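Residue-level structural notes
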Amino acid sequence: MTETAGVPAAIIESDGRLVQIIDLALLDTTKKSGEWLVCRSGCTQCCYGAFAISPLDAMRLRRELALLTEKDAARAGRIRGRAAEYVNRHMHDFPGDRANGILDESEEGKARFEEFADDEPCPALDPATGACEVYAARPMTCRVFGPPIRSEEGLGVCELCYHGATDEEISACEMEVDPDDLEAALLAELQAVTGAHGQTIVAYCLLS
């Protein structure tokens, strides 16, 4: 049984197109941003603290870890080991189902998650190099963090980036993320086909 058993190839291929769309958008905003966007390998501030990932993110990460296991079992084992240590340290206050890692999305659960594992490094982060060991399959949150992204709160950027840029200059670098809402459609399709639902965190995903 593979890590993507039960997931149609069409969904995996469509997710690949989604990743390509996001990565091309990032490339475009990176060119516009120039030296204002300081994100580089080894800059790990955004790799600390838990964040929610979708079933698509989880599918992508599990597939990548399965491939890595075939290529470099020792390295994959170290990643799983860090994930296990993470879960063991924080299982007692995990705001969700401790058995499967699905987050509690009630208002109370969301409030608890705000303070969950704030200082904890992501288990995919190589402590020796400061690089992500599953970078090609990193979650969407990781792919879009840094550049100007619009949300209900307005246009947000990484606090380390865009120093010296005016509001107008930042706005001109805005990254347009998934304008056709392909991710939502794929999530609905994935749930319909496999029953996958609910958000989790990277550590639980890398253990399952």
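Conventions and cut-offs
Residues numbered from 1 in each chain as written. Predicted model: local features only at pLDDT ≥ 70, side-chain atom pairs only at ≥ 80, totals over all residues. Heavy atoms only, no water. Helix = DSSP H or I, 4+ residues; strand = E, 2+ residues; numbered from the N terminus. Rg over C-alpha atoms; globule rule 2.2 N^0.38 Å. Contact = heavy atoms within 4.5 Å. Areas by Shrake-Rupley, 256 points an atom, 1.4 Å probe, with all protein chains shown as cover. Lys, Arg positive; Asp, Glu negative; His and termini not counted. Charge placed at Lys NZ, Arg CZ, Asp CG, Glu CD. Salt bridge = Lys/Arg side-chain N within 4 Å of Asp/Glu carboxyl O. Buried < 20%, exposed > 50% of the residue type's maximum accessible area, 1.4 Å probe, protein only. Phe/Tyr/Trp six-rings, centres within 6.5 Å; stacked < 30°, edge-to-face > 60°. Lys NZ or Arg CZ within 6 Å of the ring centre and 35° of its normal. 1 Å grid on protein atoms, 1.4 Å probe; cavity = no way out; pocket = protein on both sides within 12 Å on 5 of 7 lines; lining within 4 Å. Points joined across faces, edges and corners; volume = space filled by probe spheres on them. Nonpolar A, V, L, I, M, F, W, Y, C, P; charged D, E, K, R; others polar. Polar contact = N/O pair within 3.5 Å; in protein donor to acceptor, adjacent residues only side chain to side chain.

The number of helices and strands found in the protein is 8 helices and 2 strands. A globule of 208 residues ought to have a C-alpha radius of gyration of about 17 Å, and the protein, at 17 Å, matches this closely. C-alpha atoms of the protein, sized along the principal axes, occupy 50 × 40 × 35 Å. Taking the intrachain contacts of the protein between residues at least 6 apart in sequence as the baseline, contacts between residues at least 24 apart amount to 78%. With an accessible surface of roughly 11,600 Å², the protein has 52% of that area assigned to carbon and sulfur atoms. Separation between the mean location of the 19 positive side-chain charges and that of the 37 negative ones in the protein comes to 7 Å.

Between side chains of opposite charge, a pair can form as their charged atoms come close. In total, this model carries 8 salt bridges according to the counting rule given. Here R143 and D23 are joined by a salt bridge, their closest N and O atoms 2.9 Å apart. Here the residue R143 occupies a position in helix α5 (residues 140–144), and D23 occupies one in helix α1 (residues 9–33), the gap between them amounting to 120 residues. Using a relative accessible area of 2% as the deciding quantity, one classes R143 as buried. In this structure, R89 engages E120 in a salt bridge whose closest nitrogen and oxygen atoms are separated by 2.2 Å. With a gap of 31 residues between them, R89 in helix α3 (residues 73–90) and E120 in the loop between α4 (107–113) and α5 connect regions that are remote in the sequence.

Further remarks concern the packing of aromatic side chains. Summed over the entire model, instances satisfying the criterion amount to 3 aromatic pairs. Considering the side-chain rings of F94 and F116, the 5.7 Å spacing of their centres and the 75 degrees angle between planes classify their relative orientation as edge-to-face. A residue pair is termed long-range when its members are at least 10 positions apart, and F94 in the loop between α3 and α4 and F116 in the loop between α4 and α5 qualify at 22 residues. No difference in accessibility class separates F94 from F116, as the two residues are buried. With a relative accessible area of 1%, F94 lands in the buried category. The cationic tip of R138 hangs over the ring face of Y135; the distance from NZ or CZ to the ring centre is 3.7 Å.

Here we come to empty space enclosed by the protein. For the coordinates displayed, the defined rule picks out 2 cavities of 30 Å³ or more. Size it by volume and the largest cavity reaches roughly 70 Å³. Surrounding the largest cavity, C47, G49, A50, F51, Y86, C122, P123, I201, V202 and A203 form its lining. Classifying every residue of the lining of the largest cavity by side-chain character gives 9 nonpolar, 1 polar and no charged. For the second largest cavity, the calculated volume is near 30 Å³. Around the second largest cavity, the lining residues are Y86, V87, H90, M91, F94, F116, I201, A203 and Y204. Elements supplying a minimum of two residues to the lining of the second largest cavity: α3 and α8 (202–207). Looking at the lining of the second largest cavity element by element, the count peaks at 3 residues for α3.

This part takes up the side chain of D15. Relative to the helices and strands, D15 is located in helix α1. Looking at D15, its side chain comes within polar contact range of the side chain of R60, at 2.7 Å. Setting aside anything within four residues of it in sequence, one finds D15 in contact with L56, M59, R60 and L186.

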